[in-house]
Amino acid sequence: MDRASEEAGQQAVLRVFFEDPLWVGVFERTSQGRVSVSKITFGPEPKDYEVWDFLLRNYSKLCFSPSVEAVVKETGQNPKRMRRQACRELRQPGIGTKSQLALKLQQEERKTQRRTVSRRQREAEKQRLFDLKQQKRKEKHKGR
């Protein structure tokens, strides 16, 4: 299912598809020729109203990938053509390559953030143990 809205050069598309064993949604946001993507895992097959409700409640919490250059084609909006195109997109499995690229960038960004945070925690723990050891050594020599 696709939900598209256009306002001042911005477009948003939500594609929901089955990725064994779960239903997954990919929300693509296009603005000023750049695409950013957020991946949503639904679990069991969501109904249209559940997807809509999820977007209304959680749009501000979605974590979008860094934006990637994309070619945006501006064409006429023939309703019959749009309907046929929506049916075609529903039959296509998976997500577009630009979306995959954006998701990969987001994954790499999170990975580097995780690494820096864990490195800081490791160093802080090391420093704490060192300070504790120094304190014990000083206490042993206090009476001399």
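Residues numbered from 1 in each chain as written. Predicted model: local features only at pLDDT ≥ 70, side-chain atom pairs only at ≥ 80, totals over all residues. Heavy atoms only, no water.

Overview of the nonpolar core
Just so we agree on the cut-off: Residues grouped as a nonpolar core are buried Ala, Val, Leu, Ile, Met, Phe, Trp, Tyr and Cys residues, joined through side-chain atoms within 4.5 Å. Working definition: with a 1.4 Å probe on protein chains only, accessible area under 20% of the residue-type maximum means buried, over 50% means exposed, and in between means partly exposed. Only DSSP runs of H or I with at least four residues qualify as helices, and only runs of E with at least two residues qualify as strands; both kinds are numbered from the N terminus onward. We call two residues in contact when some of their heavy atoms are within 4.5 Å.
By size, the foremost hydrophobic cluster in this structure holds ten residues: Ala12, Leu14, Val16, Phe27, Ile40, Phe42, Val51, Leu55, Leu62 and Phe64. Elements represented by at least two residues in this core include exactly β2 (10–19), β4 (34–43) and α1 (48–58). Apart from the residues within four sequence positions on either side, Ile40 is in contact with Leu14, Trp23, Val24, Gly25, Phe27, Phe54 and Leu62.

Some details on the side chain of Ser36
Within the secondary structure, Ser36 sits in strand β4. Classification of Ser36 by relative accessible area gives buried; the value is 7%. When sequence neighbours within four positions are dropped, the list of residues in contact with Ser36 reads Phe27, Glu28, Arg29, Phe64, Ser65 and Ser67.

A short note on the confidence of the model for the protein
Note the following rule: Confidence scores here are pLDDT values: one per residue, from the predictor, ranging 0 to 100.
When pLDDT is averaged along the protein, the result is 82; 86% of the residues meet or exceed 70. Across the protein, the element-wise mean pLDDT spans from 46 in strand β1 (residues 4–7) up to 91 in helix α3 (residues 97–140). Note on residues 1–7: pLDDT under 50 across the span, and 24 contacts to partners over four residues away in sequence or across chains.

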